[in-house]
Amino acid sequence: MTAQMDRKRRIPGLRLLEALATPHSIDRYLELVHPMLTIRELRGEVTSVHRSTRDSVTLTIRPTRRWRGFTAGQFIRVGVLIDGVRHTRCYSPATSQHSADGRFELTVKAHDNGRVSRWLHANARPGLVLQLAPAEGEFTLPAARPEKVLLISGGSGITPVISMLRTLCAEGHTGEVVFLHYAYTEADVPYLAQLRELAGAHPNVRLLLAYTDVEGGDLHGFFTEEHLRAAAPWFADADTYLCGPPGLMAGAREVFTALGAAHRLRTEDFAPAPITVDAEDATGEITFGRSGTSAANTGRTLLEQAEAAGLKPEYGCRMGICFTCTSVKTSGCTRDVRNGELSTDPDSEIQICVSVPVGDVELDI
Amino acid sequence: MSTPKKPQLTPQQFEELGRDLDALRQRLLDSLGEDDRKYIYDVVKVQRALEVAGRGLLMASSFPPAWVAGTVALSLSKIIDNMEIGHNVMHGQYDWMRDPAMNSKMFEWDNVAPGENWKHSHNYIHHTYTNILGKDRDIGYGVLRMDEGQKWHPYYLGNPAYAFALMVFFEWGVMLHDLEVDNLRTGRKKWSETAGVRRRMWHKGLKQVLKDYVLFPALTGPQFVATATANATANLVRNIWAFSIIFCGHFPTGVESFTEEETKDETRGEWYYRQMLGSANISGSPLFHIMTGNLSHQIEHHLFPDIPARRYPQVAGEVRAICEKYGLPYNTGGLPKQLASVAAKIFKLALPDKFWAKPAGPRGRTVSKDGRTLRVA
Ligand SMILES: Cc1cc2nc3c(=O)[nH]c(=O)nc-3n(C[C@H](O)[C@H](O)[C@H](O)COP(=O)(O)OP(=O)(O)OC[C@H]3O[C@@H](n4cnc5c(N)ncnc54)[C@H](O)[C@@H]3O)c2cc1C
Ligand code: FES
């Protein structure tokens, strides 16, 4: 709201322009001139693209003027157009949160069957315009920077923690920072040169690379208590930030718990909880996020289940033609009863009168 | 209710019909993609260009050629905005793109009727209960007698006059339609229940009026009146066009209506059947189809209301073949023919039945001299 108001103050005559453009927003006119001219909608243009490892791509993004920055560790919902459909995925900026021109970098790892990540890896080029949403997430450093920080990452999970490292360095932070990263081999480490440079330039920063598939790193194999003690013997008095593949996350949680330091460990999950694809599965729990209720899945349509739970979602035809019942599915998988098609994407709109849940589903109603 | 008797299908045929059309629908759904997105954005570009050009030309509205050119451009802009873009986007035809700018929940059109009210009356009531007497409030819009099944009343002597007024003020008619005055009168709906509908009407109507009759005219200074009349003319042109196309979609001769009884416990196939029999197409050129928002393919639209309208002409041949396979009529004709048929109906139904129908035979079934069934109760 305040962002909107100061925007109004800064663009003279915006109110009049909006009254003239009604019922359409002026962005709907401006974007036809150039997609980056939008005033209210947040977008970002890819200004450079490079590939530092075999399966990842790094995009530099110049956001539109609405952009309000991010805090190291946060993520951004990025909308990508693929064959006419906008797909939204979360990506964590990898640059320092202190940037003079507002630009930031995203590093995306291409997953074998991943729709968006593979598409970006193959097709991103300068000039591509992406949809952005304001940065969000609680995986951030405290405002009073901790004395000792341990940053652990694996694979593409490097992005939020390298952002923390770069932010601390940019702030001239003098406390001890250890950066421990897990990769298959040296060739799979994104930002290798930048990491070495930072460690070289900042005596308080120590870089440790652990390779799981080859020897030659500072450490070898998967995360263990020995790795932890070697990297940061003071871990019990430090703040640890961890982001990586599920195996690394589980391993580290176990070690920290066993050592009684679980409360010092902060984590960020990239991979969504695995989705059941047995389309006939009528198990799981339906969560109605906005109304704060939930119920066990009975296998009926989500509209019927919502009503059974005492909610009164809007509906019209109850047969999938009027779109009155369209609601946002925050997470989980649903099946369209008309054609059996599955919807697995989080934050997507579904017609609840013709959708049945497959396993756990959260709806924003 | 109609002439002649509706074609009868067996339950198996209904089921097969449902399967045929579901398969066609699925094929269309599977093929949606970048081309459809590009198409609708191209249409938006043309519409916005016409709009900006129209408003721009009208900055010189006291110069008659600019007035004419500006009014033409603005009329076309409003027609495209309401029909190929607004009507179709608000049907959810582009919801699959997950683009908030083209989403049925967010879109508003350049028309005084608030999208949200219209969607309820149109997408839900009209498309679900198409041509069911007493349920589809689009049969005569609560003011006209457009079906023989509506009982005659002296009020209907004014049928042609009401139709003319509805045509001229169509956007306001569509707006007031959502109030359901007929239901308020009969007590089926309470005035207090319309609070939300009225609030939205007020907000939307005010903004539209402010834009067309205050702000843009004021921007042209001393040419205020010329600009305001140009804007009013553009709204009028759009009203006449939209009214004509929409009335040709359901009211030409041969379009069937249904009773609530007939449609109880309808199967998918029976629903499709009602949609096909309750709609009529208008033939014409590709540009004509775009200017009607592809509502010239009302039959295809009623079968697949949520599929991008640009696909209707592509599948019209197949739909027609399916109609032939089951011996169902596929009602189509040029605009003059369909309009004449609608106009004739408006005049005919203004009069009591005895002026045009042959005396009722036993149990509501009337057979004319040439053996054709005229009325079937
Ligand atoms: C808060 C947050 C921040 C993120 N930041 C980044 C980032 O900076 N860089 C980055 O590359 N990714 C990041 N991700 C992951 C990203 O959002 C996508 O999930 C990922 O790019 C895969 O999307 P996709 O469309 O390619 O795969 P989909 O088509 O959605 O999925 C295809 C297959 O890949 C699997 N899969 C999806 N995501 C992952 C994953 N992360 N790990 C392993 N398997 C997966 C799925 O289970 C599925 O089988 C982040 C995720 C979250 C929640
Ligand atoms: S209620 Fe009409 S589409 Fe769901």
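Treat the numbers as computed from the prediction; the structure is a model and nothing was measured.

**Details of the overall build of chain B**
- Looking only at helices and strands, one finds 14 helices and 4 strands in chain B.
- Its C-alpha atoms give chain B a radius of gyration of 22 Å, near enough to 21 Å, the size a compact globule of 377 residues would have.
- A principal-axis box enclosing the C-alpha atoms of chain B has dimensions of 70 × 50 × 40 Å.
- Sorting the 377 residues of chain B into buried and exposed places 56% on the buried side.
- Restricting to contacts in chain B with at least 6 residues of sequence separation, those with at least 24 account for 69%.
- Accessible surface, chain B as shown: approximately 16,100 Å² in total, 65% of it carbon and sulfur.
- If you average the places of the 46 positive and of the 40 negative side-chain charges in chain B, the two averages end up 5 Å apart.

**Quick word on the interface of chain B and chain A**
- Counting residues at the interface gives 46 residues for chain B and 32 residues for chain A.
- Summed over both sides, the interface between chain B and chain A buries roughly 3,200 Å², with carbon and sulfur atoms accounting for 57% of that surface.
- The three residues of chain B that bury the most area against chain A are Arg48, Arg98 and Lys105 of chain B, which together make up 20% of that side's buried surface.
- At the junction of chain B and chain A, the tally comes to 2 salt bridges.
- Among the salt bridges present, the one from Arg86 of chain A reaches Asp99 of chain B, with a minimum N-O distance of 3.5 Å.
- The interface formed by chain B and chain A includes 13 residue pairs in polar contact (both at pLDDT 80 or more).
- Of all the secondary-structure elements, those providing two or more residues to the side of chain B that touches chain A are helix H1 (11–30), helix H2 (34–57), helix H4 (115–128), helix H8 (195–219) and helix H10 (268–277) of chain B.

**Things to note about the confidence of the model for chain A**
- Of all residues in chain A, 95% attain a pLDDT of 70 or more, and the chain-wide mean is 92.
- Within the model, pLDDT remains below 50 along residues 1–8 of chain A, and this stretch shows 13 contacts once partners closer than five positions in the same chain are excluded.

**Quick look at the pairing of strand S6 (residues 129–132) of chain A**
Residues and elements named next belong to chain A.
- Where strand S1 (residues 43–50) meets S6, 3 bridges bridge the pair, whose relative direction is antiparallel. In the sheet register, Arg43 faces S6, and the bridge partner there is Gln131.
- With 2 bridges connecting them, strand S3 (residues 76–82) and S6 associate as antiparallel partners. Pairing of Gly79 across the sheet is with Gln131, part of S6.

**A word on the sheet that holds strand S7 (residues 148–154) of chain A**
All names here are of chain A.
- Across the sheet, 6 strands lie side by side as S10-S9-S8-S7-S11-S12; this open sheet has parallel pairing. The two strands at the open ends of the sheet, each matched to only one other strand, are strand S10 (219–220) and strand S12 (265–268).
- The strands touched by helix H5 (residues 158–170) are S7, strand S8 (176–183), strand S9 (205–211) and strand S11 (239–243); relative to S7, the strand with the most contacts, the crossing angle is about 150 degrees.
- Strands in contact with helix H6 (residues 192–201) are S8 and S9; relative to S9, the strand with the most contacts, it is inclined by about 145 degrees.

**Regarding the sheet that holds S6 of chain A**
Residue and element names in this part refer to chain A.
- Strand order in the open sheet formed by 6 strands is S4-S3-S6-S1-S2-S5, and the pairing between neighbours is antiparallel. Both outer strands of the open sheet, strand S4 (85–91) and strand S5 (104–109), are each paired with one neighbouring strand and no more. In this sheet, neighbouring strand axes are inclined to one another by 40 degrees on average, regardless of whether the strands run parallel or antiparallel.

**Regarding helix H6 (residues 170–177) of chain B**
All names here are of chain B.
- Burial within H6 is extensive, with 6 of its 8 residues counted as buried.
- All of the buried residues in H6 are Phe170, Glu171, Gly173, Val174, Met175 and His177.
- For H6, the elements touching its buried residues are H4, helix H5 (159–168), H8 and helix H9 (224–250).

**Remarks on a nonpolar patch on the surface**
- A surface patch of nonpolar side chains, amounting to about 250 Å² of accessible area, comprises Leu16 of chain A together with Met59 and Leu219 of chain B.
- Within the secondary structure, Met59 of chain B sits in the loop between H2 and helix H3 (64–90).

**Re the pattern of salt bridges**
- One pass over the full model with this rule turns up 47 salt bridges over all chains.
- Across the pair Arg43 of chain A and Glu31 of chain A runs a salt bridge, and its minimum N-O distance is 2.6 Å. Taken as a pair, Arg43 of chain A in strand S1 and Glu31 of chain A in helix H3 (residues 27–33) lie far apart in primary sequence, 12 residues in all.
- Given the relative accessible area of 12%, Glu31 of chain A is considered buried.
- Here Glu16 of chain B and Lys325 of chain B are joined by a salt bridge, their closest N and O atoms 3.7 Å apart. Taken together, the positions of Glu16 of chain B in helix H1 and Lys325 of chain B in helix H13 (residues 312–325) put the pair 309 residues apart, joining distant regions of the chain.
- Taking relative accessible area as the criterion, Glu16 of chain B reaches 32% and is therefore assigned partly exposed.
- Within this structure, Arg55, Lys78, Asp110, Lys211 and Asp212 of chain B form a network of salt bridges that share partners.

**Side note on the packing of H2 of chain B against H3 of chain B**
Residue and element names in this part refer to chain B.
- Their axes nearest at 7 Å, the elements H2 and H3 cross at an angle of 150 degrees. On the basis of their axis angle, the class for H2 and H3 is roughly antiparallel. Our pair here, H2 against H3, has a crossing hand that is left-handed. The residues of H3 that touch H2, namely those facing Tyr39, Ile40, Val43, Val44, Val46, Gln47, Leu50, Glu51, Gly54, Arg55 and Leu57, are Ala66, Ala69, Gly70, Ala73, Leu74, Leu76, Ser77, Lys78, Ile80, Asp81, Glu84 and Ile85.
- Residues of the contact of H2 with H3, tallied by class, amount to 14 nonpolar, 4 polar and 5 charged.

**Some remarks on the pairing of S5 of chain A**
Residues and elements named next belong to chain A.
- Of all 6 residues making up S5, 5 are buried, and the element is well covered by its neighbours.
- Bridge analysis of strand S2 (residues 56–63) against S5 gives 6 bridges, and the strand direction is antiparallel. Within S5, the residue paired with Ile61 across the bridge is Phe104.

**Comments concerning the domain arrangement of chain A**
- Domain annotation of chain A identifies domain 1 (14–132), domain 2 (148–269) and domain 3 (279–363).
- One C-alpha centre belongs to domain 2 of chain A, the other to domain 3 of chain A, and the line joining them spans 40 Å.

**Overview of the nonpolar core**
- Core analysis: the largest hydrophobic core is formed by 48 residues, its most contacted members being Tyr94, Met102 and Phe247 of chain B.
- Listing elements by their share of this core, those giving two or more residues are H2, H3, H5, H6, H8, H9, helix H11 (286–291) and helix H14 (335–348) of chain B.
- For this core, the element with the highest residue contribution is H3 of chain B, accounting for 6 residues.
- The residues touching Met102 of chain B, leaving out its near neighbours within four places in the chain, are Ile40, Tyr41, Val44, Val89, Tyr94, Asp95 and Met97 of chain B.
- Judged by nonpolar contacts, the second largest core, of 32 residues, contains Cys322 of chain A together with Leu277, Tyr326 and Leu328 of chain B.

**Re the side chain of His24 of chain A**
- Relative to the helices and strands, His24 of chain A resides in the loop between helix H2 (14–21) and H3.
- For His24 of chain A, the contacting residues outside a window of four places in its chain are Tyr29 of chain A together with Arg48, Asp81, Phe107 and Glu108 of chain B.

**Brief notes about the site of ligand 1**
All names here are of chain A.
- Near ligand 1 there are 21 residues, and of these Arg89, Cys90, Tyr91, Ser117 and Thr159 occur at the shortest range.
- Measuring from an oxygen atom of ligand 1, one finds a side-chain N or O atom of Tyr91 at 2.7 Å.
- Take Lys109: an N or O atom from its main chain is 2.9 Å from an oxygen atom of ligand 1.
- Counting only elements with at least two residues in the shell around ligand 1, the list comes to S4, S5 and helix H4 (115–123).
- For the shell around ligand 1, a count of residues per class yields 8 nonpolar, 8 polar and 5 charged.
- Taken domain by domain, the makeup of the shell around ligand 1 includes at least three residues from each of domain 1 (14–132) and domain 2 (148–269).

**Some details on the confidence of the model for chain B**
All names here are of chain B.
- Chain-level statistics for chain B give a pLDDT mean of 92 and a share of 94% at 70 or above.
- A low-confidence stretch, residues 360–377 stays under pLDDT 50, and its non-local contacts, those more than four residues away or across chains, total 26 contacts.
- Interface confidence for the predicted complex, given as ipTM, is 0.87, next to a pTM of 0.89.

Thresholds applied
The numbering scheme is per chain: residues are counted from 1 as the chain's sequence reads. For this description, chains carry letters from A and ligands carry numbers from 1, given in the order in which they are written. In view of the model being predicted, local features appear only for residues whose pLDDT reaches at least 70, and side-chain atom pairs are presented and counted only at 80 or more, with totals across whole chains, interfaces and linings using the full set of residues. The side-chain quantities take in all heavy atoms of the structure and omit both hydrogens and water. Secondary structure counts use DSSP, requiring at least four H or I residues in a row for a helix and at least two E residues in a row for a strand, with both numbered from the N terminus. For the radius of gyration, the atoms used are the C-alpha atoms, and the globule rule reads 2.2 Å times the number of residues raised to 0.38. The rule is simple: take the accessible area with a 1.4 Å probe, protein chains only, and divide by the maximum for that residue type; under 20% is buried, over 50% is exposed, in between is partly exposed. The contact criterion used throughout is that any non-hydrogen atoms of two residues lie within 4.5 Å. Only the protein chains shown count as cover for residues, and all accessible areas are computed by the Shrake-Rupley method using a 1.4 Å probe. Only four residue types enter the tally: Lys and Arg on the positive side, Asp and Glu on the negative side; His and the chain ends are excluded. By convention, charge coordinates are those of NZ in Lys, CZ in Arg, CG in Asp, or CD in Glu. Note on definitions: buried area is the accessible-area loss of two parts on being combined, 1.4 Å probe, summed for both. By definition here, a salt bridge exists when the distance from a side-chain nitrogen of Lys or Arg to a carboxyl oxygen of Asp or Glu is within 4 Å. We define a polar contact as two N or O atoms separated by no more than 3.5 Å, with the added condition that, inside protein, one atom must be a possible hydrogen donor and the other a possible acceptor, whereas residues neighbouring each other in sequence contribute only through side-chain atom pairs. The quantity known as pLDDT measures the predictor's confidence residue by residue, on a range of 0 to 100. Two strands pair if DSSP finds at least two bridges between them. In this description, a line fitted to the C-alpha atoms serves as the axis of each element, helices being fitted only across the stretch in contact, and the angle between N-to-C directions of two axes falls anywhere from 0 to 180 degrees. Within this analysis, patches are made of residues with over 30% relative accessible area and no salt bridge. Like charges are joined at 9 Å or less; nonpolar side chains (Val, Leu, Ile, Met, Phe, Trp, Tyr) at 5 Å or less. Here is the rule for angles: anything less than 35 degrees is roughly parallel, anything more than 145 is roughly antiparallel, 65 through 115 is roughly perpendicular, and the remaining ranges are oblique. Note on convention: the crossing is left-handed when the near helix lies turned anticlockwise from the far helix by less than a right angle, right-handed when the turn is clockwise. For this scheme, ten residues count as nonpolar: Ala, Val, Leu, Ile, Met, Phe, Trp, Tyr, Cys and Pro. Four count as charged, namely Asp, Glu, Lys and Arg, and the remainder, Gly too, count as polar. Note: domain ranges come from an automatic or database domain assignment. Nonpolar cores are built from buried Ala, Val, Leu, Ile, Met, Phe, Trp, Tyr and Cys residues. Side-chain atoms within 4.5 Å join them into one set. Nearness here has a simple test: a residue counts as near a molecule or strand if at least one of its heavy atoms is within 4 Å of that partner.

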